[in-house]
Amino acid sequence: MRLTIDRDRCEGYGLCADSAPELMHLDDDGELVLDHEDVPAPSSAAAETAVRVCPVAALRAD
Amino acid sequence: MTPTLTPHSDVDLFADPVLEDPYPTYRTLRDLGGAVHLARLDAWALTRYDAVRGALGDWQTFSSSAVALNEPVNEMLVGTVLAADPPEHDVLRSVLADRLGPRAVRSLQADIATRAEALVEEVVARGEFDAVTDLAAAFPFAVVFDLIGLPDDARPNMLRWADATFNVCGPMNDRTAGGLLVVQEMFEWVATLKAGDLLDGSMGRAIFEAAEAGRIRPESCIPLLAAYATAGMDTTINAIANAVHLFAQHPDQWDLVRADPALLPGAFNEVLRFDAPVQVFGRRTTRVVDVEGTEIPADSQVLLLYGSGNRDERHYADPDRFDVTRAPVDHLTFGYGTHGCAGQALARLEAHAVLGALAARVHRLHVGEPKRHLNNVLRGIESLQVHGVELDR
Ligand code: HEM
Ligand code: SF4
């Protein structure tokens, strides 16, 4: 599974990072940073939750 | 599928008794199907969580050109962020997000918290107050008015204008007809505004600066300004009013929040799920589309019932129970996707500030019966008398 952010859409709510802190975080400027674009198998459920909670549909997992 | 098999209903979703308590009606509609044809409106209600969420995530099929449920108002809304589809939408949205996104509102947090504490301190000391007019309405009104930088002569009218703006997004009923006159009045006033009328450094001024810089067309300024002013007040006001009401009704849930302030953000999400301030907005189908086995024709008016999706037993266990530990981050109250509420970071900041200030001081609020405020789109309370405050012990 691979995560991608649509930078034009992401407004930095960070709800994704709250639900999958092992995969992503907000930096000091409030920009989302993906720490693992290729999601390790044990984290795939967390990745799906992160995608689901993004309020503006900026995050995708394929 | 033959027409007789299509889920359908004769209910008037906008009749007073349904607006007083829409949830039993929503349940009936959900049990009929994810998409139900409403005969009175010749429109399609999306009732279940997955159906509403699916439509919100698919702007190509569900266009916002019919975000209101009547054509005259949809024509009025052309050019607003709410009614625009991409790519036009995204340009307008980026101007708002610059100032409303989480990165931008972070800097407002300290000031908003201080103001919330002062107001809560004052009303609580009085012992008797109206939780809506004195607290839930007073606070967002003051905060948003200053952030947009509106001139003072709008103060006496703004809430009446905002209420009407939501009413006219309903179907063409008496409430909409009455609201149209008021909205006309608002647009006439807003249209007179020039950059210099808005406070230096305010969000309102930033809209005019975006036009000067060529990011948006000059004629977009007034609709964007109107969107800020109306979307930013009534919604948050009703969310805070609903929160106070729910916590007064459910003291056990209030005790949980007081015992562990880290629960507050999740608890506010549960308030939003339980009673969505915005119950419905519309869409127009751009093609024939299948929603949970029901075929909706192209060019149909669709109703997104956020408040029904939030109570869908297919998605939330025991949905009519108010449970702050549920912390439902995926509720539909701010919409989702392309038009997902641009002001949600600010709304959360305001609500957390007020509820946090109450939680720090108040053990119990004793309230009377709420007087509901009926609006085609909003679910809110007009007045909620507090006749006793038990302070911390
Ligand atoms: C609890 C409070 C609030 C609620 C429940 C709420 C609800 C909503 C909903 C449901 C939508 C989506 C409309 C759709 O799907 O077509 C929306 C959009 C929007 N909201 Fe909010 N809102 C709140 C607070 C605010 C605040 C404080 C502001 C600004 C100061 C704001 C500004 C906007 C704007 C500009 C849009 C349009 C976004 C777009 O079309 O891209 N809202 N809101
Ligand atoms: S939740 Fe969505 S908008 Fe927020 S930081 Fe994550 S991807 Fe960006």
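The rules behind these values
- Residues numbered from 1 in each chain as written.
- Chains lettered and ligands numbered in written order.
- Predicted model: local features only at pLDDT ≥ 70, side-chain atom pairs only at ≥ 80, totals over all residues.
- Heavy atoms only, no water.
- UniProt positions renumbered as here; feature names shortened; annotations may be inferred.
- Near = heavy atom within 4 Å.
- Nonpolar A, V, L, I, M, F, W, Y, C, P; charged D, E, K, R; others polar.
- Buried < 20%, exposed > 50% of the residue type's maximum accessible area, 1.4 Å probe, protein only.
- Helix = DSSP H or I, 4+ residues; strand = E, 2+ residues; numbered from the N terminus.
- Pairing = 2+ DSSP bridges.
- Polar contact = N/O pair within 3.5 Å; in protein donor to acceptor, adjacent residues only side chain to side chain.
- Lys, Arg positive; Asp, Glu negative; His and termini not counted.
- Salt bridge = Lys/Arg side-chain N within 4 Å of Asp/Glu carboxyl O.
- Contact = heavy atoms within 4.5 Å.
- Core = buried A, V, L, I, M, F, W, Y, C linked by side-chain atoms within 4.5 Å.
- Axes fitted to C-alpha atoms, helices over the stretch in contact; angles between N-to-C directions.
- Parallel < 35°, antiparallel > 145°, perpendicular 65-115°, else oblique.
- Buried area = accessible area lost by both parts, 1.4 Å probe.

Chain B appears in an unreviewed UniProt entry as Cytochrome P450 monooxygenase from Pseudonocardia sulfidoxydans NBRC 16205.

Per an unreviewed UniProt entry, chain A goes by the name Ferredoxin and belongs to Pseudonocardia sulfidoxydans NBRC 16205. Entered under Cofactor (unreviewed entry) in the UniProt record, the comment concerning chain A runs "[3Fe-4S] cluster".

Caption draft 1: Spatial organisation of the site of ligand 2. Every residue near ligand 2 is listed here: Cys 10, Glu 11, Gly 12, Tyr 13, Gly 14, Leu 15, Cys 16, Leu 32, Cys 54, Pro 55 and Val 56 of chain A. Within the shell around ligand 2, the residues separate by chemical class into eight nonpolar, two polar and one charged.

Caption draft 2: Quick look at the pairing of strand β6 (residues 280-285) of chain B. Residue and element names in this part refer to chain B. Burial within β6 is extensive, with five of its six residues counted as buried. Note that strand β4 (residues 62-63) and β6 share two bridges and pair antiparallel. Within β6, the position partnered with Phe 62 by the bridge is Thr 285. Direction of pairing for β6 relative to strand β9 (residues 301-305): antiparallel, over a ladder of five bridges. Bridge assignment links Phe 281 to a residue of β9, and that residue is Leu 304.

Caption draft 3: Representation of the site of ligand 1. Residue and element names in this part refer to chain B. Near ligand 1 you find 28 residues, and of these His 89, Arg 283, Tyr 306, His 339 and Cys 341 are the closest. At 2.9 Å from an oxygen atom of ligand 1 is found a side-chain nitrogen or oxygen belonging to Arg 283. The dominant element in the shell around ligand 1, judged by the number of residues it contributes, is helix α5 (residues 88-100), at four residues.

Caption draft 4: Quick peek at the side chain of Arg 372 of chain B. Residues and elements named next belong to chain B. When you line up the elements, Arg 372 lands in strand β11 (residues 371-374). The side chain of Arg 372 is buried and forms no salt bridge, while Asp 275, the nearest opposite charge, is found at 4.2 Å. Within the local environment of Arg 372, its side chain forms a polar contact with the backbone oxygen of Gly 380, the two atoms lying 3.1 Å apart. Residues contacting Arg 372, with those up to four places away along its chain left out, are Glu 20, Asn 242, His 245, Asp 275, Arg 379, Gly 380, Ile 381 and Glu 382.

Caption draft 5: Fine view of the nonpolar core. Grouped together as the largest cluster of nonpolar side chains are 154 residues, with contacts concentrated most on Met 24 and Leu 59 of chain A together with Leu 46, Met 158 and Phe 247 of chain B. Take this core: its biggest share by element is 11 residues, from helix α18 (residues 344-361) of chain B. When residues no more than four places from it in sequence are discounted, the contact partners of Leu 46 of chain B are Gly 34, Ala 35, Ala 51, Val 52, Ala 55, Phe 62, Val 291, Ile 296, Val 302, Leu 303, Leu 304 and Leu 305 of chain B.

Caption draft 6: Seen up close, unusual backbone geometry. Residues and elements named next belong to chain B. In this structure, the amide linkage connecting Pro 86 to the following residue, Pro 87, adopts the cis form with an omega of 5°. The residue Asp 42 is not glycine, and still its phi comes out positive at about 45°. Locating Asp 42 in the fold gives a position in the loop between β2 (35-38) and β3 (43-46).

Caption draft 7: Geometry of the packing of helix α10 (residues 158-167) of chain B against helix α13 (residues 221-231) of chain B. All names here are of chain B. With their axes 9 Å apart at the nearest point, α10 and α13 run at an angle of 100° to one another. For the element pair α10 / α13, the angle class is roughly perpendicular. Taking contact as the criterion, the partners of Met 158, Ala 162, Thr 165 and Phe 166 in α10 are, on α13, Ala 229, Thr 230 and Ala 231. Its residues placed into classes, the contact of α10 with α13 shows five nonpolar, two polar and no charged.

Caption draft 8: Focus on the interface of chain A and chain B. With 15 residues of chain A in contact, the opposing surface of chain B contributes 18 residues. Looking at the side of chain A facing chain B, the largest losses of area belong to Glu 11, Tyr 13 and Arg 52 of chain A, adding up to 38% of the total buried there. Scanning the region where chain A abuts chain B turns up four salt bridges. Two residues, Arg 52 of chain A and Asp 330 of chain B, come together in a salt bridge whose shortest N-O distance is 2.6 Å. Our count for the contact surface shared by chain A and chain B stands at six residue pairs in polar contact (both at pLDDT 80 or more). Here the residues of the side of chain A that touches chain B sort into seven nonpolar, two polar and six charged.

Caption draft 9: Quick look at the environment of Thr 165 of chain B. All names here are of chain B. Structurally, Thr 165 is set in helix α10. What makes Thr 165 buried here is its relative accessible area of 17%. Taking the C-alpha atoms as reference points, Thr 165 and Thr 230, separated by 65 residues in sequence, lie 7.0 Å from one another. Those residues in contact with Thr 165 that sit more than four places away from it in its chain are Val 183, Met 186 and Thr 230. At a separation of 2.7 Å, a polar atom in the side chain of Thr 165 contacts the main-chain carbonyl oxygen of Trp 161.

Caption draft 10: Region of interest: the sheet that holds β9 of chain B. All names here are of chain B. On the basis of which strands lie adjacent, the open sheet formed by six strands has the order β1-β2-β3-β9-β6-β4 and mixed pairing. A single partner strand is all that each edge strand has here, and the edge strands are β1 (8-9) and β4. Contacting β3, β4, β6 and β9, helix α3 (residues 49-56) runs over the sheet at an angle of about 120° to β9.

Caption draft 11: Quick peek at the pairing of β3 of chain B. Residues and elements named next belong to chain B. Residues Ala 43 and Ala 45 of β3 are buried on one face, and the alternating residues Trp 44 and Leu 46, pointing to the opposite face, are buried as well. Here β2 folds back onto β3 in antiparallel fashion, the turn holding four residues, of which Asp 42 has a positive phi close to 45°. When β3 meets β9, the two strands line up parallel, connected through three bridges. Bridge pairing in β9 links Trp 44 to Val 302.

Caption draft 12: A look at the sheet that holds strand β13 (residues 385-391) of chain B. Residue and element names in this part refer to chain B. One open sheet holds the three strands; their spatial order is β5-β13-β10, and the pairing between them is antiparallel. Either end of the sheet is taken by a strand with one partner, and the two such strands are β5 (129-130) and β10 (362-367). Bridging between β5 and β13 involves two bridges; their strand directions are antiparallel. When the sheet's bridge partners are listed, Phe 129 is paired in β13 with Val 386.

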